[in-house]
Amino acid sequence: MFKFRYTLFFLFIAAFAFAQPNQEELERKKEKLLKEIQEKEAQLQSVRSKEKSVGKLLQIQKEKIGLKQSLINTTEKQTKLLSNNIYLNQREVNKLNEELKVLKEDYAEMIVKSYKSRSTQSRAMFLLSSQDFSQAYKRMQYMKQYTSYRKMQGEEIKRKTTELNDYNAKLSGQKTEKEKLLAEQEKQRQELVKEKLDQEKIANSLKKDKKQITAEIKKKQQETKRIDAQIQKLIRDAIAEANRKAAAANAKANPKTTTAAETKAIESSTKIVLTPEGKIISDNFKANKGRLPWPVVRGAITLGYGNQPHPVYKSLEVHNSGIEITTESGADARAVFAGEVTKVIVISPLNKAVCVQHGDYFTVYQNLGTVNVSAGDKVTAKQSLGKIRTSADGKTVLKFMVSQNTTYSNPQQWISQ
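Throughout what follows, the structure given in this document is the object of discussion. For every chain, the first residue of the written sequence is number 1, and numbering continues from 1 along that sequence. Totals for whole chains, interfaces and linings use all residues, but because this is a predicted model, local features are given only for residues with pLDDT of at least 70 and pairs of side-chain atoms are given and counted only at 80 or more. Hydrogens are left out, water is left out, and the side-chain values use all remaining heavy atoms of the structure.

Now for the side chain of Asn320. By definition, any uninterrupted DSSP run of H or I lasting at least four residues is a helix, any uninterrupted run of E lasting at least two residues is a strand, and each is numbered from the N terminus. Position of Asn320 among the secondary structure elements: in strand β3 (residues 317-320). Relative accessibility thresholds used throughout: buried, under 20% of the residue-type maximum; exposed, over 50%; partly exposed, between the two (1.4 Å probe, protein chains only). Asn320 sits in the buried class, given a relative accessible area of 2%. A polar contact of 2.9 Å, which involves the side chain of Asn320, links it to the backbone oxygen of Gly304. Definition of a polar contact: a pair of N or O atoms within 3.5 Å, with one able to donate and the other able to accept a hydrogen when the atoms are protein atoms, and with sequence-neighbouring residues admitted only if both atoms are side-chain atoms. A distance of 3.0 Å separates a polar side-chain atom of Asn320 from the backbone oxygen of Gly322.

Definition used for salt bridges: Asp or Glu carboxyl oxygen within 4 Å of a side-chain nitrogen of Lys or Arg. The final tally for this structure, using the stated rule, is six salt bridges. For Arg298, the salt bridge is made with Glu328, and the minimal N-O distance between the two is 3.0 Å. Here the residue Arg298 occupies a position in the loop between α8 (276-287) and β1 (300-303), and Glu328 occupies one in the loop between β4 (323-327) and β5 (332-334), the gap between them amounting to 30 residues. The class for Arg298 is partly exposed, based on a relative accessible area of 28%. Given a relative accessible area of 35%, Glu328 falls into the partly exposed group. Asp332 is the partner of Lys387 in a salt bridge, and the nearest nitrogen-oxygen pair spans 3.2 Å. Of the two residues, Lys387 sits in strand β10 (residues 384-388) while Asp332 sits in strand β5, which places them 55 residues apart along the sequence. Classification of Lys387 as partly exposed rests on a relative accessible area of 37%. Asp332 gets classed as partly exposed once you look at its relative accessible area, which sits at 27%.

Two rings from Phe, Tyr or Trp (for Trp, the six-membered ring) form a pair when their centres sit within 6.5 Å of each other. Planes less than 30 degrees apart are called stacked, planes more than 60 degrees apart edge-to-face, and all others tilted. On inspection of all chains with the given rule, the structure shows five aromatic pairs. Between Tyr361 and Trp414 the ring centres are 5.4 Å apart and the planes differ by 65°, which places this aromatic pair in the edge-to-face class. Taken together, the positions of Tyr361 in strand β8 (residues 361-371) and Trp414 in the segment after β12 (407-409) put the pair 53 residues apart, joining distant regions of the chain. Judged by centre distance (5.4 Å) and plane angle (40°), the ring pair of Tyr365 and Phe400 falls under tilted. Of this pair, Tyr365 sits in strand β8 while Phe400 sits in strand β11 (residues 396-404), and the two are 35 residues apart along the sequence. Neither Tyr365 nor Phe400 differs from the other in exposure class; each is buried.

That is the geometry; function is a separate question.
See below:
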């Protein structure tokens with residue numbers, strides 16, 4: 001029973017370690033984050049040298065802090081993964097030490113016995129005292145096997161000793177690497193504290209221009225409301241069209257039992273009346289809440305969902321019906337789930353949005369410069385919908401929204417963390 005529990009525990013640990021991202025993947029992710037941090041630093045230097053808007057300086061600093069935090073999280077994952085490997089290797093070292101101890105004790109006992117019966121006379125008497133030839137033959141075979149077994153035990157001890165030395169060397173290297181990662185992690189934490197202090201300085205300088213900031217927020221909110229109204233109308237139109245088709249399909253399937261009142265009720269509903277196929281899609285989408293892929297390959301959330309306080313003036317709020325994800329120039333917007341494109345909205349000549357339907361759920365991808373799809377197209381998860389627009393101030397930001405019928409929800413709760 002004990003052995004079974006030990007084996008089960010070891011398999012659980014091994015499976016847990018196998019499920020973790022490997023060191024190479026984490027190292028690649030860390031290199032990308034370091035590159036992005038360097039890019040943000042270059043942007044900061046550019047803004048400072050040209051004495052541009054302090055608001056932009058604060059935004060870039062915020063993005064840089066987000067990336068720095070991601071870097072720290074990645075290093076923590078590396079350290080945790082290394083600790084798991086060290087633990088497993090230490091268990092193997094302990095196991096080998098126990099096996100070697102038993103082997104050496106057994107071998108020592110065998111040597112002592114061999115020493116006591118080392119004389120040729122003793123071995124000859126052992127053979128000659130046999131009752132018959134068959135017993136003498138068996139005793140001779142036993143002596144050969146005993147000698148062979150002693151040799152094999154010696155070789156096994158040598159092999160186990162070599163294996164133990166290899167594990168000890170590996171363990172020593174992993175411990176050194178872990179110490180290096182912990183030192184690196186501490187350095188990153190100190191840098192993060194410095195970045196936050198820099199942000200505070202920028203924020204303090206921004207307080208001098210509250211009137212201008214308030215006007216900018218008001219203007220942005222008006223523009224956001226205008227776009228949200230467009231998207232709401234688009235979703236209502238999509239609901240009406242879906243219900244019109246559902247009513248027609250129901251009337252065709254049940255011409256004798258479907259009344260005009262039932263048809264009118266379906267067509268006038270403010271929520272999508274799901275067909276069996278639509279319900280399956282909707283249920284699948286809902287079942288993947290918290291596990292949907294990001295709508296960009298890489299990026300950081302720089303504006304959350306709902307009413308968000310201004311980073312400096314806490315009394316000022318900006319309302320966001322989705323989340324804003326800052327990514328790299330030239331990045332694609334990707335569908336987070338299979339669905340059908342209901343509409344491509346042209347907000348302005350440079351700003352487009354794509355709406356994708358998943359049963360009675362909708363996902364919206366806003367601030368696209370170019371679009372790869374058209375209304376009616378079927379799309380798959382992670383399929384490119386278009387290129388995200390890079391604004392005149394150098395920012396590449398995707399606004400991502402999720403709604404069930406016309407009710408918005410926090411997209412951050414839907415995508416994988």
